[in-house]
Protein chains: 2
Amino acid sequence: MTADAVLDVAAELVKRQGTAALTMRGLAAELGTAVTSIYWHVGNRDELLDALAERTVRELSVVRAEGATPAARVVHLLQGLRRELRSHPHLIALAHERGLTERMFHPAQRALVHEVHAAGLRGRRAARAVRVLTFHAVGFVLVERNRERAPAPHPAEAELWDVPAAQNDAVLAREMAGPVDTERLYAASLEALVAGLFGA
Amino acid sequence: MTADAVLDVAAELVKRQGTAALTMRGLAAELGTAVTSIYWHVGNRDELLDALAERTVRELSVVRAEGATPAARVVHLLQGLRRELRSHPHLIALAHERGLTERMFHPAQRALVHEVHAAGLRGRRAARAVRVLTFHAVGFVLVERNRERAPAPHPAEAELWDVPAAQNDAVLAREMAGPVDTERLYAASLEALVAGLFGA
DNA sequence: ACCTGAACACCGTTCAAGT
DNA sequence: ACCTGAACACCGTTCAAGT
């Protein structure tokens, strides 16, 4: 048994059921060893989770920007990043919890700098644009994860959005009462944000 | 002892140290009763946390929109909401975890509908604008909480952003290596987003 | 150097027994 | 109707003892 073997099995367990389901005893059972062997190889549970988060971040694929304009390339890049982060939600959640969010976005940020420069922004304005885009993308993914983990919303959204609540905009009422297409919403939000940052 | 008294003490404990620190035994000690009495009043730990999240959402203050233009009013409204959500981070985190995010934002969403209408958007476009703004605001707060909870970032940000990494934009390199002023970043992101959604 | 079982101090929860 | 202590099945972790 090696530290890497422990991490492999731990990653598998977390991937399937989340960190809460990862118990030292369960892990030992899966490995076919005594619980206490694990401590020799990877330290305690906390260090194990740290190492797992670390490895997750290290193995994230790099996403590339494609498209004709800087705006289109930024949107493409951040859509790829979202997809990447959503591929193993539990492991990514772990990385978040362990404070590796910054690290997870650094490769993308370098690409963003390139695009923001191409759009004509420099210095402070460029830095702010990169950070705004990063915060938005990370935040969106976090909100999405939150909604999916959540049980059925308490008062059904449909009930909350009757026509008067929508200030007599019946189309809006119907939209708000319906489910959210997060894929499209993400694209729309990125486009609006890029327009706001690059335009004018 | 009443269910409300249990919730009061539980809220206090969570407010100070987060949900992980709330143990049934610790709660009983604080209440001066046997552990098992709690079960009679509020059910098990899970139901207790649900009730606590519920109460937290119910007691959220309503934020108002102020300002001359719809754009300014939206920014003001969402800044107030952020401040409100950051006032008791642990309790709000609990509400998030329990899937009450939607509910927490519904009052603000009604106000947003009003402003988005005032800005001239209707129907589908209006609904999308409201959702984009909501997702961004919630997401931003989640990211912020994440950064604060996190330990010192692993490779110091300063090291990651040397001048070549910033593609020879020295000002940008300095900005990215420094700390983030989230207050200003939030305002800037909202302004860009509103401009993108309302403009053109 | 690596693995083990026994033991400790913590959990949440149940349940029969009290008043 | 309300409260209790004993007991159960789970945790993570330590440590002395093995090979």
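Right above here is the structure, for reference.
*Asks:* How should the packing of aromatic side chains be read in this particular structure?
*Replies:* The geometry of an aromatic ring pair comes down to the distance between the two centres and the angle between the two planes. In the structure shown here, the tally under the stated rule is four aromatic pairs over all chains. With 4.9 Å between their ring centres and 35 degrees between their planes, F135 of chain A and F140 of chain B make a pair best called tilted. With F135 of chain A in helix 8 (residues 123–149) and F140 of chain B in helix 8 (residues 123–149), this pair bridges two chains. Assessed through its relative accessible area of 6%, F135 of chain A is described here as buried.

*Asks:* Is there a simple way to explain the pattern of salt bridges in this structure?
*Replies:* On inspection of all chains with the given rule, the structure shows 27 salt bridges over all chains. Here E148 of chain A and R86 of chain A are joined by a salt bridge, their closest N and O atoms 2.9 Å apart. Residue E148 of chain A is located in helix 8, and its partner R86 of chain A is located in helix 5 (residues 70–87); the two are separated by 62 residues in the primary sequence. Among the ionic pairs, E175 of chain A bridges to R124 of chain B, the shortest N-O distance being 3.5 Å. With one member in each of two chains, E175 of chain A in helix 10 (residues 170–177) and R124 of chain B in helix 8 form a pair that bridges those chains.

*Asks:* Explain the protein's contact with DNA strand C to me, please; I cannot follow it from the model alone.
*Replies:* Of all residues adjacent to DNA strand C, which total 17 residues, the nearest are T36, S37, W40 and H41 of chain A together with R25 of chain B. When atoms of DNA strand C within 4 Å of the protein are split into backbone and base, the sugar-phosphate part holds 49%. The contact in question runs from a phosphate oxygen of DNA strand C to an N or O atom on the side chain of S37 of chain A, over 2.7 Å. Within the side chain of H41 of chain A, a nitrogen or oxygen atom sits 2.4 Å from a phosphate oxygen of DNA strand C.

*Asks:* Can you help me understand the relation of the copies chain A and chain B in this one?
*Replies:* Each of the two copies of the chain can be brought onto the other by a rotation about an axis and a shift along it. Between chain A and chain B, the superposition needs a rotation of 180 degrees and an axial shift of 0.0 Å, giving an RMSD of 0.0 Å. Such a turn and shift between the copies fits a two-fold axis. Rotation axis and chain A: the residue whose C-alpha lies nearest the axis is G139 of chain A, separated from it by 1.8 Å.

*Asks:* Explanation requested: the protein's contact with DNA strand D in the structure shown.
*Replies:* Taken together, 17 residues lie around DNA strand D, and R25 of chain A together with A34, T36, W40 and H41 of chain B are the ones closest in. In the interface set of DNA strand D, defined as its atoms within 4 Å of the protein, sugar plus phosphate atoms amount to 50%. Taking R45 of chain A, its main chain carries an N or O atom lying 2.8 Å from a phosphate oxygen of DNA strand D. Residue S37 of chain B places a side-chain N or O atom 2.7 Å away from a phosphate oxygen belonging to DNA strand D. Of all elements in the fold, only helix 2 (24–31) and helix 3 (35–42) of chain A together with helix 3 (35–42) of chain B reach the threshold of two or more residues within the surface near DNA strand D. The leading source of residues in the surface near DNA strand D is helix 3 of chain B, at four residues. Considering only residue class, the surface near DNA strand D consists of seven nonpolar, seven polar and three charged.

*Asks:* I keep staring at the environment of R103 of chain B and nothing clicks. Help me out?
*Replies:* All names here are of chain B. Looking at the secondary structure, you find R103 in helix 7 (residues 101–118). In sequence terms R103 and E54 are 49 residues apart; their C-alpha atoms lie 9.6 Å from each other. Of note is the side chain of R103, whose polar atom sits 2.8 Å from the side chain of E54.

*Asks:* Mind showing me how you'd approach the layout of surface pockets here?
*Replies:* Think of a ball as big as a water molecule: rolled over the atoms, this probe shows where empty space is left. One number sums up the size of the largest pocket: a volume of about 920 Å³. As for the largest pocket, its lining consists of 26 residues, of which E97 and R149 of chain A together with T19, E97 and R149 of chain B are closest to the centre. Among the elements of the structure, helix 6 (89–97) and helix 8 of chain A together with helix 6 (89–97) and helix 8 of chain B are those that each provide at least two residues to the lining of the largest pocket. R124 and R128 of chain A together with E175, D181 and R184 of chain B are, among the 15 residues lining the second largest pocket, the residues nearest its centre. Contributing elements (two or more residues each) for the lining of the second largest pocket: helix 8 of chain A together with helix 10 (170–177) and helix 11 (182–198) of chain B.

*Asks:* Just checking my understanding: could you explain the interface of chain A and chain B for this structure?
*Replies:* Accessible area lost upon the coming together of the parts is a frequently used measure of interface size. Taken together, the contact pairs 61 residues of chain A with 61 residues of chain B. Summed over both partners, the interface of chain A with chain B buries about 5,400 Å², with 65% contributed by carbon and sulfur atoms. Three residues, R131, F135 and Q167 of chain A, lead the burial of chain A against chain B; their summed loss comes to 14% of the area buried on that side. The interface formed by chain A and chain B includes three salt bridges. For the pair chain A and chain B, the number of links is 15 residue pairs in polar contact (both at pLDDT 80 or more). Elements supplying a minimum of two residues to the side of chain A that touches chain B: helix 6, helix 7 (101–118), helix 8, helix 9 (157–160), helix 10 and helix 11 (182–198) of chain A. For the side of chain A that touches chain B, the leading source of residues is helix 8 of chain A, giving 17 residues. Looking at side-chain class alone, the side of chain A that touches chain B contains 28 nonpolar, 18 polar and 15 charged residues.

Calculation rules
- Residues numbered from 1 in each chain as written.
- Chains lettered and ligands numbered in written order.
- Predicted model: local features only at pLDDT ≥ 70, side-chain atom pairs only at ≥ 80, totals over all residues.
- Heavy atoms only, no water.
- Phe/Tyr/Trp six-rings, centres within 6.5 Å; stacked < 30°, edge-to-face > 60°.
- Helix = DSSP H or I, 4+ residues; strand = E, 2+ residues; numbered from the N terminus.
- Buried < 20%, exposed > 50% of the residue type's maximum accessible area, 1.4 Å probe, protein only.
- Salt bridge = Lys/Arg side-chain N within 4 Å of Asp/Glu carboxyl O.
- Near = heavy atom within 4 Å.
- Polar contact = N/O pair within 3.5 Å; in protein donor to acceptor, adjacent residues only side chain to side chain.
- Least-squares fit on C-alpha atoms with pLDDT ≥ 70 in both.
- Nonpolar A, V, L, I, M, F, W, Y, C, P; charged D, E, K, R; others polar.
- 1 Å grid on protein atoms, 1.4 Å probe; cavity = no way out; pocket = protein on both sides within 12 Å on 5 of 7 lines; lining within 4 Å.
- Points joined across faces, edges and corners; volume = space filled by probe spheres on them.
- Contact = heavy atoms within 4.5 Å.
- Buried area = accessible area lost by both parts, 1.4 Å probe.

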